[in-house]
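Listed below, chain by chain, are the residues.
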Number of protein chains: 2
Amino acid sequence: MLELRLVQGSLLKKVMESIKELVTDANFDCSATGFSLQAMDSSHVALVSLLLRSEGFEHYRCDRNLSMGMNLNNMSKMLKCAGNDDIITIKADDGSDTVTFMFESPTQDKIADFEMKLMDIDSEHLGIPEAEYHAIVRMPSSEFARICKDLSSIGDTGDQKNEKLLDRLLLAVVISVTKEGVKFSTRGDIGTANVVCRQNTTVDKPEEATIIEMNEPVSLTFALRYMNSFTKASPLSSTVTISLSSELPVVVEYKIAEMGYVRFYLAPKIEEDEEDNKS
Amino acid sequence: MLELRLVQGSLLKKVMESIKELVTDANFDCSATGFSLQAMDSSHVALVSLLLRSEGFEHYRCDRNLSMGMNLNNMSKMLKCAGNDDIITIKADDGSDTVTFMFESPTQDKIADFEMKLMDIDSEHLGIPEAEYHAIVRMPSSEFARICKDLSSIGDTGDQKNEKLLDRLLLAVVISVTKEGVKFSTRGDIGTANVVCRQNTTVDKPEEATIIEMNEPVSLTFALRYMNSFTKASPLSSTVTISLSSELPVVVEYKIAEMGYVRFYLAPKIEEDEEDNKS
DNA sequence: TTCCATCAGT
DNA sequence: ACTGATGGAA
């Protein structure tokens, strides 16, 4: 028997919006600790890790560990039927092959329940080791999203030809961190772009700060399209944390207030010689 | 060496938005006087003339006259990466085939630079003679935009058939000026429309006035779709000036505070007989 | 291409 | 606080 009651239902809606572009099917794991998910994106390049701790739920009952395979598109469709102020309850009976989402309007005038079939999904649960990172950048999530979007537009010729679409998929961003700041760079058909954000802790609101913790300078290249996908999680948190080490996947983390986080992992591209890039 | 620093970067963003629908590629001319552009629209019917005087820049360095061919779509993409409060600097080295746009956030915490390739563009620079106009109308730019939009909707059947699209392209507006006011008229599928604006100088704010300077009455016909394109410049100025003479192109001018103007020139349609229009 | 949601401006 | 506009998703 599983019954998880989440007063701030919009959180769950936002979580789904933030990961469903990347992941189509995934196992949600429930334990006494919380409600979590770990899944590779469909092209097996990026990894998504979600945790909603049990303490964040108004009511959390999970008699035994349970792994529920869901199609995230279908789940997202159901969650869209919940109002933003609705209380969401997730229920599953032992041995059942379905899960039920229940939505209560704030006034209790409307109560909806949606039942969805579960799926069997193979998945190796990767242990993700804690690592020391060369550099950790914390910045406003909106600013990070804006930069990723701006840099994408540089590689976007507006051309709808397949060849150009491919370019867009391959467009890379170089993220370089020094003590002074973090630099995002790209090179596209119409030109090049560099955006530098200086460390800045002297702002009115702490969530507007850009904070850099650096042990050693680091410069890594990533596929920009994944970064852009990650920024779909911006509504979850006003800040984002980007943790970088050479030869390690970058971690882009959005904390979920009182509950946990969504983390995205992405392996860097191996830097090729300029000549190779040109060819 | 060219280096132009514009504190109110949003001006340049607005300028681009106002002309990029009409012109796809154009030469920007830099001289000690200022930063200017003159270009025909892609169908060679309308002419755009832009001037940003050097005095309007916080810093203006232009060692020698320079003509830089740019694709306005790409330039516009880059300028969209600038925040509305950013300071924009345009830079080009002598002999370089690129131009660099630099954007500084007001707090200086974010500095972006975008480099764009220049193009070779043939263009005859037309000398535009100063002329005496039969009538000059000054009115709020928002009102002019609203009228053009409203009149367009009369010719717009909402029908997406090619035949109807063609109608929309050919839809004409008659602008008639008398001492009493200015009249905008059109005739479309669903009916006819006349909007008369009376001279009116007794308003609270000068930018709300409608002022008519008239030497002799004039009535001219123009393609409405170009007028609608011109009104994209409305964000640049709260007033617009429309200068009319029979047999001369109309001039639709938006002044740019402290800096210059954007002017649009459009030749009148030769009035045909009513019968001919119907056929 | 159309519709919806989010953001900015009034 | 409301409306319009723009950008993203279906």
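Residues numbered from 1 in each chain as written. Chains lettered and ligands numbered in written order. Predicted model: local features only at pLDDT ≥ 70, side-chain atom pairs only at ≥ 80, totals over all residues. Heavy atoms only, no water.

## Focus on the overall build of chain A
- Check the secondary structure of chain A and you find six helices and 18 strands.
- Here the C-alpha atoms of chain A give a radius of gyration of 20 Å, agreeing with the 19 Å that 2.2 N^0.38 yields for 279 residues.
- Principal axes of the C-alpha set define a box for chain A whose edges measure 60 × 45 × 35 Å.
- Taking contacts inside chain A between residues at least 6 apart in sequence as the whole, the part at least 24 apart equals 65%.
- Total accessible area on chain A is roughly 13700 Å²; 48% of this is exposed by carbon and sulfur atoms.
- Positive and negative side-chain charges of chain A, numbering 29 and 45 respectively, have mean locations separated by a distance of 5 Å. (Helix = DSSP H or I, 4+ residues; strand = E, 2+ residues; numbered from the N terminus. Rg over C-alpha atoms; globule rule 2.2 N^0.38 Å. Contact = heavy atoms within 4.5 Å. Areas by Shrake-Rupley, 256 points an atom, 1.4 Å probe, with all protein chains shown as cover. Lys, Arg positive; Asp, Glu negative; His and termini not counted. Charge placed at Lys NZ, Arg CZ, Asp CG, Glu CD.)

## Details of the domain arrangement of chain A
All names here are of chain A.
- Per the domain assignment, the segments making up chain A are domain 1 (2–117) and domain 2 (135–278).
- Measuring from the centre of the C-alpha atoms in domain 1 to the corresponding centre in domain 2 gives 28 Å.
- Between domain 1 and domain 2, the contact holds 22 residues from the first and 18 residues from the second.
- Taking both sides of the interface into account, the surface hidden between domain 1 and domain 2 amounts to around 1700 Å²; carbon and sulfur atoms contribute 64%.
- There are one salt bridge connecting domain 1 and domain 2.
- In this structure, Glu 21 and Lys 232 form a salt bridge, with 3.4 Å as the shortest nitrogen-oxygen distance.
- Counting across the interface, domain 1 meets domain 2 through seven residue pairs in polar contact (both at pLDDT 80 or more).
- Going through the elements one at a time, helix 1 (9–19) and strand 4 (46–53) are the ones with two or more residues in the side of domain 1 that touches domain 2.
- Split into classes, the residues belonging to the side of domain 1 that touches domain 2 amount to 13 nonpolar, four polar and five charged. (Domains from an automatic or database assignment. Buried area = accessible area lost by both parts, 1.4 Å probe. Salt bridge = Lys/Arg side-chain N within 4 Å of Asp/Glu carboxyl O. Polar contact = N/O pair within 3.5 Å; in protein donor to acceptor, adjacent residues only side chain to side chain. Nonpolar A, V, L, I, M, F, W, Y, C, P; charged D, E, K, R; others polar.)

## Regarding the interface of chain B and chain A
- Across the boundary between the two partners, chain B contributes 17 residues, which contact 20 residues of chain A.
- Across the chain B to chain A interface the summed buried area is about 1500 Å²; carbon plus sulfur atoms make up 44%.
- Three residues stand out in chain B for area buried against chain A, namely Lys 77, Asp 109 and Lys 110 of chain B, and they jointly supply 38% of the buried area on that side.
- One salt bridge in this structure joins Arg 198 of chain A and Asp 109 of chain B, with 3.7 Å as the shortest N-O distance.
- Between chain B and chain A we count six residue pairs in polar contact (both at pLDDT 80 or more) in total.

## Details of the nonpolar core
- Counting residues in each nonpolar core, the largest one holds 158 residues, and the members touching the most others are Met 227 of chain A together with Met 227 of chain B.
- The contact partners of Met 227 of chain B, leaving out residues within four places of it in the chain, are Phe 144, Cys 148, Val 173, Ile 175, Phe 222, Val 250, Val 252 and Leu 266 of chain B. (Core = buried A, V, L, I, M, F, W, Y, C linked by side-chain atoms within 4.5 Å. Buried < 20%, exposed > 50% of the residue type's maximum accessible area, 1.4 Å probe, protein only.)

## A closer look at the packing of helix 1 (residues 9–19) of chain B against helix 2 (residues 72–80) of chain B
Residues and elements named next belong to chain B.
- It is the contact of helix 1 with helix 2, at a shortest axis distance of 10 Å, that shows an interaxial angle of 145°. As helix 1 packs across helix 2, the resulting crossing turns out to be left-handed. Packed against helix 1, whose contacting residues are Leu 12, Lys 13, Met 16, Glu 17 and Ile 19, the element helix 2 presents Leu 72, Met 75, Ser 76, Leu 79 and Lys 80 at the interface.
- A breakdown of the residues in the contact of helix 1 with helix 2 according to their chemical character gives six nonpolar, one polar and three charged. (Axes fitted to C-alpha atoms, helices over the stretch in contact; angles between N-to-C directions. Left-handed = near helix turned anticlockwise from the far one by under 90°.)

## Let's talk about empty space enclosed by the protein
- Under the counting rule described, the total for this entry stands at one cavity of 30 Å³ or more.
- If you add up the space inside the largest cavity, you get close to 40 Å³.
- Grouping the amino acids of the lining of the largest cavity by side-chain chemistry returns three nonpolar, two polar and two charged. (1 Å grid on protein atoms, 1.4 Å probe; cavity = no way out; pocket = protein on both sides within 12 Å on 5 of 7 lines; lining within 4 Å. Points joined across faces, edges and corners; volume = space filled by probe spheres on them.)

## Regarding the sheet that holds strand 7 (residues 87–92) of chain A
All names here are of chain A.
- Strand order in this open sheet of five strands is 5-1-7-8-9, and the pairing throughout is antiparallel. Single-partner strands in this sheet number two, and they are strand 5 (59–62) and strand 9 (111–117). The mean angle between the axes of side-by-side strands here comes to 15°, regardless of whether they run parallel or antiparallel.
- As paired strands, strand 7 and strand 8 (residues 98–104) are joined by five bridges and run antiparallel to one another. Counterpart to Lys 91 in the pairing with strand 8 is Thr 100. (Pairing = 2+ DSSP bridges.)

## Concerning the confidence of the model for chain A
Residues and elements named next belong to chain A.
- Averaged over all residues, the pLDDT of chain A is 90; the fraction at 70 or higher stands at 92%.
- Highest mean pLDDT in chain A belongs to strand 5 (97); lowest belongs to helix 6 (residues 274–278) (44).
- Scored below 50 in pLDDT, residues 274–279 shows three contacts in the model against residues more than four places distant or in partner chains. (pLDDT = per-residue confidence, 0-100.)

## Some details on the protein's contact with DNA strand D
Residues and elements named next belong to chain A.
- The immediate surroundings of DNA strand D are formed by Lys 20, Glu 21, Lys 149 and Lys 232.
- Between a phosphate oxygen of DNA strand D and a side-chain N or O atom of Lys 20, the distance comes to 3.3 Å.
- Taken together, the residues of the surface near DNA strand D break down into no nonpolar, no polar and four charged. (Near = heavy atom within 4 Å.)

## Some remarks on unusual backbone geometry
Residues and elements named next belong to chain A.
- One non-glycine residue with positive phi stands out, namely Gln 108, at about 65°.
- Structurally, the position occupied by Gln 108 is in the loop between strand 8 and strand 9.
- Given the relative accessible area of 40%, Gln 108 is considered partly exposed.
- The backbone phi angle of Glu 258 is positive, close to 70°, even though this residue is not glycine.
- With respect to the helices and strands, Glu 258 occurs in the loop between strand 17 (250–256) and strand 18 (260–266).
- Relative accessible area serves as the criterion here: at 72%, Glu 258 is assigned to the exposed category.

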